Amino acid sequence: MAVLSRVNSSADVKHLSQSELDELAKELRSEIIRICALGGGHLASSLGAVELTVALHALFDSRSDRLVWDVGHQSYGHKILTGRKDLMDSIRKPGGLAGFTCTSESPDDALTVGHASTSLAAALGMALARDASQERDASQTPYHVVAIIGDGALTGGMALAALNQIGHSKPKMLIILNDNDMSISENVGALKHYMSSLQVQPWFQKVESSGRNRLWKPLVDFGSRAKQATRHFFDPASANPFHAMGVRYVGPIDGHNIEQLLYYLGHIKELEGPTMLHIVTKKGKGYKIAETDPIYWHGPPKFDMDKPVAASKGYTWSHAFGDAASELAKTDDRVWVITPAMREGSGLVDYSQNHPKRYLDVGIAEDVSVTTAAGLALRGEKPIVAIYSTFLQRAYDQVIHDVCLENLDVIFAIDRAGLVGGDGATHQGVFDLGYLRTVPNMSIAMPKDAREQRAMLKRALELGGPKAIRWPRGKVEKAPADPIDTWDDIAWGTWEILKEGKDAFIFALGPTLNYALEAARELPSVGVINARFIKPLDMPMLLELARHAKVFVVSEDHAREGGLGSAIAEALLDNDVYVPLRRLGLPDCFVPHGDPVEQHAQFGIDAQGIRTALEELGMLHGIGLLN
């Protein structure tokens, strides 16, 4: 690491020669592979952006200029070059670096991110702020604003809406379109086909072979810069959507050639108005196995870098959902599954192959997935929207207005509910109960195992109406391969007594159920309830238990405010019933990345935390619960 060892900040990159920059890229790529092999992480996306990262730091100052990385999962190289290389072994680990860009972590990070399609709007705001500041005070030093967005993120409606406004406002800014034909899964949609078509057209191949001289002449002709740049880099007979939106378009160029990147970026950065530079890259570049399978190697667990193997993650809740959905679709041809670009993550590979005509990937557009489901439901179909908890919040308006308002038959299959580990604060699925529970017509459930999950899905399809079924990230025991007509029946809105009790009851759901059972073991007076329905609550059982119980404890892997504990407290209050209640959940803060099991202990929702709550309540109310 002869060159990388001399780079301790973005400023150091600017003193390197062309050959040293090429060597830096090689060393940077090796370091990213080493880091991800050590503890897992976002590998393929960061590898694909190595040369771009080096070029950006050679030309821009990330302390004053604003480099806005969309999503931020491709920013490992950026972190290494901006003074954090000695901390990279801690990335995504408790107390370590975040897996995405984070403004509180470093002044070199322009935006805290984790969700896609936000970079263009944020960069627009930064560019407008710069211009306004200079108008107020001409002595203010101007800075460059650069948004780096992938073609996958460009499928999001927020990105396209921002692009429309950028073309209208026309601030000086650079948009780098990092086109690798991937988001996490393969990209979908008309824009993806448009990007692909550019690279096979004769005019593009001619421009690519003729080199950079074709670019510089029109760019230095300031009188007709935009028109001529577009003419030389885009066939006028084709419909250029970026030019139509008022954004100058240049490219496509090779995104793995540092010399080309430096040349184009060096000239384009001085142009007035918004310019898009379209670069073509390969996800996983430089690591053969990641190039071959960029989907798995997008974010693999730790691996042997010399002998990398795609390790099995075991049978997960996502797989269980995909299996159940496939079986349900076999017996009812009105069942659809819609996903916003999360086929693998939501366990839908088999479903997409078994039922291709009733599978829809809308790209990174959560709002579109929900309203498309509403349209299907309005015409008698039975759509299931498979989505992560953290991404469903991006379609909250559509859940309310387009589905729940008219009580439509849409099921929300909510994956990654609860704490999620290394992805951290931007991905924690700890708000969905709070933001769904108040919506009229919505019903919410959480299964304890795969058998209960498929029973809930089956019953939800039978009952109709808006139904949200949530489950955590991680492994689950596979349900038996039984025919659908033998699947467990479940009475919607009912709880389950897992352990009888008398003086105290623990209400838990999902991951906290095992904690509750462990805490109540050898405590004959303490019962455990699988509170699997959060809306509606099982009011008959709750009120019956309240008649005899002296204390209640609720433990949940969710924000304490607005969760199951709040729902139970409200229900008791509304029915004029008083039972001392301790709500155990996540505090009113954004929980950072870390090990979920350790965080459960930290926030007191594990077995020890539950026992402590029982002991405190017992002592407070004169009950010997732990005796």
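Residues numbered from 1 in each chain as written. Predicted model: local features only at pLDDT ≥ 70, side-chain atom pairs only at ≥ 80, totals over all residues. Heavy atoms only, no water.

**Considering the side chain of Arg 416**
And step 1. One can find Arg 416 in the loop between β9 (411-415) and α20 (432-436).
And step 2. Using a relative accessible area of 15% as the deciding quantity, one classes Arg 416 as buried.
And step 3. Here Ser 318 takes part through its side chain, which lies 3.1 Å from a polar atom of the side chain of Arg 416.
And step 4. Filtering out sequence-adjacent residues up to four positions away, Arg 416 remains in contact with Ser 318, Gly 345, Tyr 388, Ser 389, Gly 429, Trp 471, Pro 472 and Arg 473. (Helix = DSSP H or I, 4+ residues; strand = E, 2+ residues; numbered from the N terminus. Buried < 20%, exposed > 50% of the residue type's maximum accessible area, 1.4 Å probe, protein only. Polar contact = N/O pair within 3.5 Å; in protein donor to acceptor, adjacent residues only side chain to side chain. Contact = heavy atoms within 4.5 Å.)

**Re the packing of aromatic side chains**
Given two aromatic rings, one states the distance between the centres and the angle between the planes to describe the pair.
And step 1. Under the criterion given, the structure shown has 13 aromatic pairs.
And step 2. Each ring, one from Phe 242 and one from Tyr 249, has its centre 5.7 Å from the other, and the planes form 5 degrees; the classification is stacked.
And step 3. Phe 242 sits in the buried class, given a relative accessible area of 2%.
And step 4. Connected via pairs of aromatic rings, a cluster forms that spans Tyr 287, Tyr 296, Trp 297 and Phe 303.
And step 5. Seen from the ring of Phe 60, Lys 269 lies directly overhead, with NZ or CZ sitting 4.7 Å from the centre. (Phe/Tyr/Trp six-rings, centres within 6.5 Å; stacked < 30°, edge-to-face > 60°. Lys NZ or Arg CZ within 6 Å of the ring centre and 35° of its normal.)

**Some details on the pattern of salt bridges**
And step 1. Per the counting criterion, the structure on display carries 30 salt bridges.
And step 2. Connected via shared salt-bridge partners are Lys 448, Asp 449, Glu 452, Glu 496 and Arg 532. (Salt bridge = Lys/Arg side-chain N within 4 Å of Asp/Glu carboxyl O.)

**Quick notes on the sheet that holds strand β10 (residues 443-445)**
And step 1. Across the sheet, which stays open at both edges, the seven strands sit in the order β7-β6-β8-β9-β11-β10-β15 with mixed pairing between neighbours. In this open sheet, the two edge strands, each paired with only one partner strand, are β7 (359-361) and β15 (533-535). Going from strand to strand, the sheet's axes swing by 20 degrees on average, the running direction of each strand aside.
And step 2. Summarising the sheet, β10 and β15 pair through two bridges and their orientation is antiparallel. Each residue of the ladder has a partner; that of Ala 445, found in β15, is Phe 533.
And step 3. Each of β6 (335-339), β7, β8 (382-388) and β9 is contacted by helix α17 (residues 366-378), which is oriented at about 165 degrees to β8, the strand it contacts most. (Pairing = 2+ DSSP bridges. Axes fitted to C-alpha atoms, helices over the stretch in contact; angles between N-to-C directions.)

**Description of the confidence of the model for the protein chain**
And step 1. Confidence along the protein chain averages 88 in pLDDT terms, with 90% of residues attaining 70 or more.
And step 2. In this model, residues 198-238 is a region of pLDDT below 50 whose contacts with residues beyond four sequence positions or in other chains number 56 contacts. (pLDDT = per-residue confidence, 0-100.)

**Regarding unusual backbone geometry**
Residues other than glycine predominantly adopt negative phi, and peptide bonds predominantly adopt the trans conformation.
And step 1. Between Gly 251 and Pro 252 the backbone carries a cis peptide bond, its omega angle lying at 0 degrees.
And step 2. In this fold, Pro 252 is placed in strand β4 (residues 248-254).
And step 3. The residue after Lys 535, namely Pro 536, is reached through a cis peptide bond having omega 0 degrees.
And step 4. With respect to the element layout, Pro 536 can be found in the loop between β15 and α23 (539-548).
And step 5. Of note, the phi angle at Val 71 is positive, near 65 degrees, even though the residue is not glycine.
And step 6. By the element assignment, Val 71 lies in the loop between β1 (66-69) and α5 (76-84).
And step 7. With a phi close to 55 degrees, Asp 576 is a non-glycine residue in the positive phi region.
And step 8. Structurally, Asp 576 is set in the loop between α24 (564-574) and β17 (581-586).
And step 9. For Asp 576, a relative accessible area of 74% gives the class exposed.

**A few points about the pairing of strand β3 (residues 173-179)**
And step 1. Across the seven residues of β3, seven count as buried, placing the element largely inside the fold.
And step 2. In β3, alternate side chains face the same way, and those of Met 173, Ile 175, Leu 177 and Asp 179 on one face and Leu 174, Ile 176 and Asn 178 on the other are all buried.
And step 3. Two elements, strand β2 (residues 145-150) and β3, share five bridges in a ladder whose sense is parallel. Bridge pairing links Ala 147 to Ile 175 in β3.

**Details of the sheet that holds strand β16 (residues 551-559)**
And step 1. Taking strand neighbours across the sheet as the criterion, the five strands line up as β12-β14-β13-β16-β17 in an open arrangement whose pairing is mixed. One side of each edge strand has no neighbouring strand; the edge strands of this open sheet are β12 (496-499) and β17. Strand after strand, the sheet turns through a mean of 25 degrees between neighbouring axes, direction not considered.
And step 2. Of the pairings in the sheet, the one linking β12 to strand β14 (residues 526-530) comprises three bridges and is antiparallel in character. The partner of Ile 497 across the bridge, within β14, is Ile 529.
And step 3. Here α24 sits on the sheet and contacts β13 (504-508), β16 and β17; the angle it forms with β16, its principal contact strand, is near 140 degrees.

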